[in-house]
Amino acid sequence: MSDPLIPQPHTDNTVTRRAVIPPDIDPLSILGTSDQVLRALEKGYPRIRFLVIGHEITLTGPTSDVESAAQLVIELIQAARRGDPLDAHTVGQALRMLSAATLAATPTDEILSVKGRSIRPKSEGQKAYVDAIERATVVFGIGPAGTGKTYLAMAQAVRRLLSGQVRRIVLTRPAVEAGENLGFLPGTLTEKIDPYLRPLYDALKDMLDSDTLPKLMAAGTIEVAPLAYMRGRTLNDSFIILDEAQNTTASQMKMFLTRLGFNSQVVVTGDVSQIDLPGSSQSGLLMVEKILDHIEGVEFCHLTSADVVRHELVGHIIDAYERWDQRQDLLRRTRTLDAPTRQRFRSYQKKGH
């Protein structure tokens, strides 16, 4: 496809460019419902004047801003052609990546193309995570809900299975109750455990057609099992994903990591802000970075609210909880101070520090 950006005459430090939306693409798919994408562009580039007439978007403003915005418009047109949904949150993520001089949504970064859509990293942090999976044998993806930790790892696993790089995929999770008692749930042990593994099944259904998945699972090519079932095994020629790893104990984490066999890769995902272990049990995910740091072939990727690909409100909720936790931690620490020091600290806070 030819470059849709046509330079126009300009003077001084101002330039005008005209972006032509291909005739086979509905402008609404790029501009968004109620022009929300256009409004996000205007907010991200306040010094640029955007004018939309039919299939043409005209950008006028300072040269550096227009060049950056033009690059983003190209990305939006390509995303619309792929059928990717565009909204204000998508534009916000793209703007953050552009400011870091990183474009994660380039065609070469596609992980998997399934059911007419493309799976690829959508933020700078996600791109770093995917790159780590490409080069390291053991990768830890640590971050809040909605950052794509498990989904991107699953896409990598499916791609490698379909290309013949591995012979099977093994997906596992610890069966830890999130505030509920497993023993009181009705049904057999398998029926009780199944809800814990359901997110993994859902991701697989997104990436494989309904006829292929049951056959692969029946043949053992794709295995979904609780973490306890991994003990005593050696997994060769496999892509192995441990999900919800914050709910493993230190001994379980060690057990899992030592299952690694020849021509295999491990991805461990978890959210250390959502630990459901009972009592005083310490999370294996919290300990493992201290133990395995600086070991060649092992990488740790920390995703943040900026990498959330759900509703943009999710990122704000995560940030709010982090601020709350920090304040509570600070209050707990000040309670251990002697009275005069505590009084000086409170005076320091009142001054706005």
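For the structure itself, consult the block above.
An account of the accompanying structure is given in this report. Note that this is a predicted model, so its numbers are computed, not measured. (Residues numbered from 1 in each chain as written. Predicted model: local features only at pLDDT ≥ 70, side-chain atom pairs only at ≥ 80, totals over all residues. Heavy atoms only, no water.)

All right, on to the overall build of the protein chain then. When you go through the protein chain residue by residue, the secondary structure sums to 12 helices and 12 strands. Here the protein chain holds 353 residues, and 44% of them are scored as buried. In the protein chain, of all internal contacts separated by at least 6 residues, the share reaching a separation of at least 24 is 69%. Entry remark: accessible area of the protein chain is about 18900 Å², with carbon and sulfur atoms responsible for 54%. (Helix = DSSP H or I, 4+ residues; strand = E, 2+ residues; numbered from the N terminus. Buried < 20%, exposed > 50% of the residue type's maximum accessible area, 1.4 Å probe, protein only. Contact = heavy atoms within 4.5 Å. Areas by Shrake-Rupley, 256 points an atom, 1.4 Å probe, with all protein chains shown as cover.)

This brings us to a nonpolar patch on the surface. Together, Val272, Ile275 and Leu286 make up a nonpolar patch on the protein surface, roughly 200 Å² of accessible area in all. Following the sequence through the fold, isoleucine 275 ends up in the loop between strand E11 (265-270) and helix H10 (284-292). Since its relative accessible area comes to 32%, isoleucine 275 is described here as partly exposed. (Patch = residues over 30% accessible without salt bridge, like charges linked within 9 Å, V, L, I, M, F, W, Y side chains within 5 Å. Salt bridge = Lys/Arg side-chain N within 4 Å of Asp/Glu carboxyl O.)

The strands making up a sheet are joined through hydrogen bonds of the backbone, oriented either antiparallel or parallel. Taken together, the six strands give an open sheet; going across it, the order is E9-E8-E10-E11-E7-E12, and neighbouring strands pair in parallel fashion. If you trace the sheet from one side to the other, it starts and ends with strand E9 (222-226) and strand E12 (298-302), each paired once. Sheet twist, expressed as the mean angle between neighbouring strand axes with direction ignored, is 15°. In this structure, strand E7 (residues 138-142) lies alongside E12, joined through five bridges in parallel fashion. Directly across from glycine 141, in E12, lies its bridge partner cysteine 301. (Pairing = 2+ DSSP bridges. Axes fitted to C-alpha atoms, helices over the stretch in contact; angles between N-to-C directions.)

We now examine helix H9 (residues 250-257). Looking only at H9, the buried set comprises Met253, Met255, Phe256 and Leu257. Where H9 is buried, its residues meet E7, strand E8 (168-173), strand E10 (238-242), E11 and H10.

Inside soluble globular proteins, nonpolar side chains tend to come together where they are buried. Grouped together as the largest cluster of nonpolar side chains are 36 residues, with contacts concentrated most on Tyr129, Met154, Leu171, Leu204, Ile222, Val224 and Ile241. Of all the secondary structure elements, the ones that give two or more residues to this core are strand E5 (112-114), helix H5 (124-135), helix H6 (149-162), E8, helix H7 (189-207), helix H8 (212-218), E9 and E10. The element that contributes the greatest number of residues to this core is H6, accounting for seven residues. In contact with tyrosine 129, other than residues within four places in its own chain, are Val139, Gly141, Gly148, Lys149, Leu152, Ala153, Val267, Thr269, Cys301 and Leu303. Formed by 26 residues, the second largest nonpolar core is a distinct cluster that contains Ile21, Leu31, Ala79 and Leu86. (Core = buried A, V, L, I, M, F, W, Y, C linked by side-chain atoms within 4.5 Å.)

Locating serine 123 in the fold gives a position in the loop between strand E6 (117-119) and H5. Residue classification places serine 123 among the buried positions, given a relative accessible area of 2%. Looking at serine 123, its side chain comes within polar contact range of the main-chain nitrogen of glutamine 126, at 3.1 Å. (Polar contact = N/O pair within 3.5 Å; in protein donor to acceptor, adjacent residues only side chain to side chain.)

Quick look at the packing of aromatic side chains now. Tallied over the entire structure, the rule returns one aromatic pair. Ring centres of phenylalanine 140 and phenylalanine 300 lie 4.5 Å apart, and the angle between their planes is 10°; on these two criteria the pair is classed as stacked. Linking phenylalanine 140 in strand E7 with phenylalanine 300 in strand E12, this pair joins segments that are 160 residues apart in sequence. For the pair formed by phenylalanine 140 and phenylalanine 300, the shared burial category is buried. (Phe/Tyr/Trp six-rings, centres within 6.5 Å; stacked < 30°, edge-to-face > 60°.)

Our focus in this paragraph is the pattern of salt bridges. A full pass over the atoms with the stated rule returns 14 salt bridges. Glutamate 56 serves as the salt-bridge partner of arginine 18, at 3.0 Å between the closest nitrogen and oxygen. A residue pair is termed long-range when its members are at least 10 positions apart, and arginine 18 in strand E2 (residues 14-20) and glutamate 56 in strand E4 (residues 56-62) qualify at 38 residues. On the basis of relative accessible area, glutamate 56 is assigned to the partly exposed category, the value being 31%. The partner of glutamate 299 in a salt bridge is arginine 135, and the shortest N-O contact between them spans 2.7 Å. With glutamate 299 in strand E12 and arginine 135 in helix H5, this pair connects stretches of sequence that are 164 residues apart. Members of the salt-bridge network, linked through shared partners, are Asp35, Arg39 and Glu42.

What follows covers the side chain of threonine 16. By the secondary structure assignment, threonine 16 is in strand E2. Separated by 3.1 Å, the side chains of threonine 16 and threonine 60 make a polar contact.

For E8, the tally of buried residues reaches five of six residues, placing the bulk of the element in the interior. Bridge count between E8 and E10: five bridges; the pairing is parallel. Following the sheet pairing, threonine 172 is matched in E10 by leucine 242.

The next subject is the packing of H9 against H10. The N-to-C vectors of H9 and H10 enclose an angle of 60°; their axes lie 8 Å apart at closest approach. Taken together, H9 and H10 sit at an angle that is classed as oblique. Remark: the crossing between H9 and H10 carries right-handed chirality. Where H9 approaches H10, its residues Ala250, Met253 and Leu257 are matched on the opposing element by Gly284, Leu285, Met287, Val288 and Leu292. (Parallel < 35°, antiparallel > 145°, perpendicular 65-115°, else oblique. Left-handed = near helix turned anticlockwise from the far one by under 90°.)

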